[in-house]
Amino acid sequence: MESRERFVFQRMAAQLKRETALLTGDRLMAAEARGEEAEADLCLTWYEIMDTVREVRLLYGVPG
């Protein structure tokens, strides 16, 4: 799996791309940016879920 920082950067880049597309009126670029941002958000959500799982396992002493 790629690093969390890469997905944070990908989300920021997608947001800038979307803003640029809105300013230029490029609907295709805006759609690509929304897809890239959604992908980054999904991957960041996965990291948050894994962090929560790790915390719960530590809290209750569950190996894994």
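See the structure shown above.
A quick note: this is a predicted structure, and the numbers were derived from the prediction, not measured. (Residues numbered from 1 in each chain as written. Predicted model: local features only at pLDDT ≥ 70, side-chain atom pairs only at ≥ 80, totals over all residues. Heavy atoms only, no water.)

Q: Even after reading the chapter, I still don't get the overall build of the protein chain, so can you show me in this structure?
A: Scanning the protein chain for helices and strands turns up 2 helices and 0 strands. In summary, the protein chain has a C-alpha radius of gyration of 16 Å against a globular reference of 11 Å for 64 residues, an excess of more than 25%. Oriented by its inertia axes, the alpha-carbon framework of the protein chain measures out at about 55 × 15 × 15 Å. Residues classed as buried in the protein chain amount to 17% of the 64 residues present. Considering only intrachain contacts with a sequence separation of at least 6, the fraction spanning at least 24 residues in the protein chain is 56%. Accessible surface for the protein chain amounts to roughly 5000 Å². Of this, 61% is attributable to carbon and sulfur atoms. (Helix = DSSP H or I, 4+ residues; strand = E, 2+ residues; numbered from the N terminus. Rg over C-alpha atoms; globule rule 2.2 N^0.38 Å. Buried < 20%, exposed > 50% of the residue type's maximum accessible area, 1.4 Å probe, protein only. Contact = heavy atoms within 4.5 Å. Areas by Shrake-Rupley, 256 points an atom, 1.4 Å probe, with all protein chains shown as cover.)

Q: Please explain a nonpolar patch on the surface as it appears in this structure.
A: Residues Trp 46, Ile 49, Met 50 and Val 53 make up a contiguous nonpolar surface patch of about 320 Å² in total accessible area. In this structure, Met 50 sits in helix 2 (residues 27-60). (Patch = residues over 30% accessible without salt bridge, like charges linked within 9 Å, V, L, I, M, F, W, Y side chains within 5 Å. Salt bridge = Lys/Arg side-chain N within 4 Å of Asp/Glu carboxyl O.)

Q: What's the story with the environment of Asp 51 in this structure? I'm lost.
A: Note on placement: Asp 51 falls in helix 2. Since its relative accessible area comes to 22%, Asp 51 is described here as partly exposed. Of note is the side chain of Asp 51, whose polar atom sits 2.9 Å from the side chain of Arg 4. (Polar contact = N/O pair within 3.5 Å; in protein donor to acceptor, adjacent residues only side chain to side chain.)

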